[in-house]
Amino acid sequence: MVIRDLYNVRAQQSASDGYDGGTTPLSDEEERRFQTVLFSELGNKISEQGWARFPAYTPEERRRLVDVAQRLTAYWGQQVFVEAEDHCRLRLCLAGYESLPRPLPTSS
């Protein structure tokens, strides 16, 4: 048996602790740094190829990507669109790079 010591680990809040899935488990500083990284990385990818996709499994992650798209729109002065590719992935793109409309897959 292997015993591992965990240092600087904080417990994730559960629903009974007030975590309702609508708030971020990140601190304000962590949220700001993560959005800065997304702004830079997704912005570079979009500027190179006109679009970028990123996983978004929770409403909080989807909100974060929409916020980044709005910041990129304000920064570039050009609309950055947000599309749902499926239930767990969003696509950010410039005009002319939108995907063709298609129905989302249904759960079987």
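Residues numbered from 1 in each chain as written. Predicted model: local features only at pLDDT ≥ 70, side-chain atom pairs only at ≥ 80, totals over all residues. Heavy atoms only, no water.

The end-to-end C-alpha distance of helix α2 (residues 59–76), which contains 18 residues, comes to 26 Å, matching closely the 26 Å that a straight helix rising 1.5 Å per residue would cover. E60, R64, L65, V68, A69, L72 and T73 are the residues of α2 that are buried. In this fold, the buried residues of α2 make contact with α1 (28–49), β1 (51–55), β2 (80–86) and β3 (89–94). Directly beyond the C-terminal end of α2, a positive phi value near 70 degrees is found at G77. (Helix = DSSP H or I, 4+ residues; strand = E, 2+ residues; numbered from the N terminus. Expected span 1.5 Å × (residues − 1). Buried < 20%, exposed > 50% of the residue type's maximum accessible area, 1.4 Å probe, protein only. Contact = heavy atoms within 4.5 Å.)

With respect to the helices, strands and loops of the structure, W76 is situated in helix α2. Given a relative accessible area of 31%, W76 falls into the partly exposed group. Distance in space between the C-alpha atoms of W76 and S47 is 10.0 Å, their sequence separation being 29 residues. Leave out the neighbours within four places in its chain, and W76 touches G43, I46, S47 and L94.

Of the residues in the chain, 69% have a pLDDT of 70 or more, and the chain-wide mean is 82. Low pLDDT, under 50, characterises residues 15–19; the predicted model gives this stretch 4 contacts beyond four residues in sequence or across chains. (pLDDT = per-residue confidence, 0-100.)

Another aspect to go through is the pattern of salt bridges. Taken as a whole and assessed by the stated rule, the structure comprises 11 salt bridges. R63 serves as the salt-bridge partner of E31, at 3.4 Å between the closest nitrogen and oxygen. Taken together, the residues span a long stretch of sequence, with E31 in helix α1 and R63 in helix α2 at a distance of 32 residues. Residue classification places E31 among the buried residues on the basis of a relative accessible area of 11%. When the shortest N-O distance is used, the salt bridge between R63 and D67 registers 2.3 Å. With a gap of 4 residues between them, R63 and D67 both fall in helix α2, about one helical turn apart. Under the relative-accessibility criterion, R63 is labelled partly exposed at 32%. Relative accessible area serves as the criterion here: at 22%, D67 is assigned to the partly exposed category. (Salt bridge = Lys/Arg side-chain N within 4 Å of Asp/Glu carboxyl O.)

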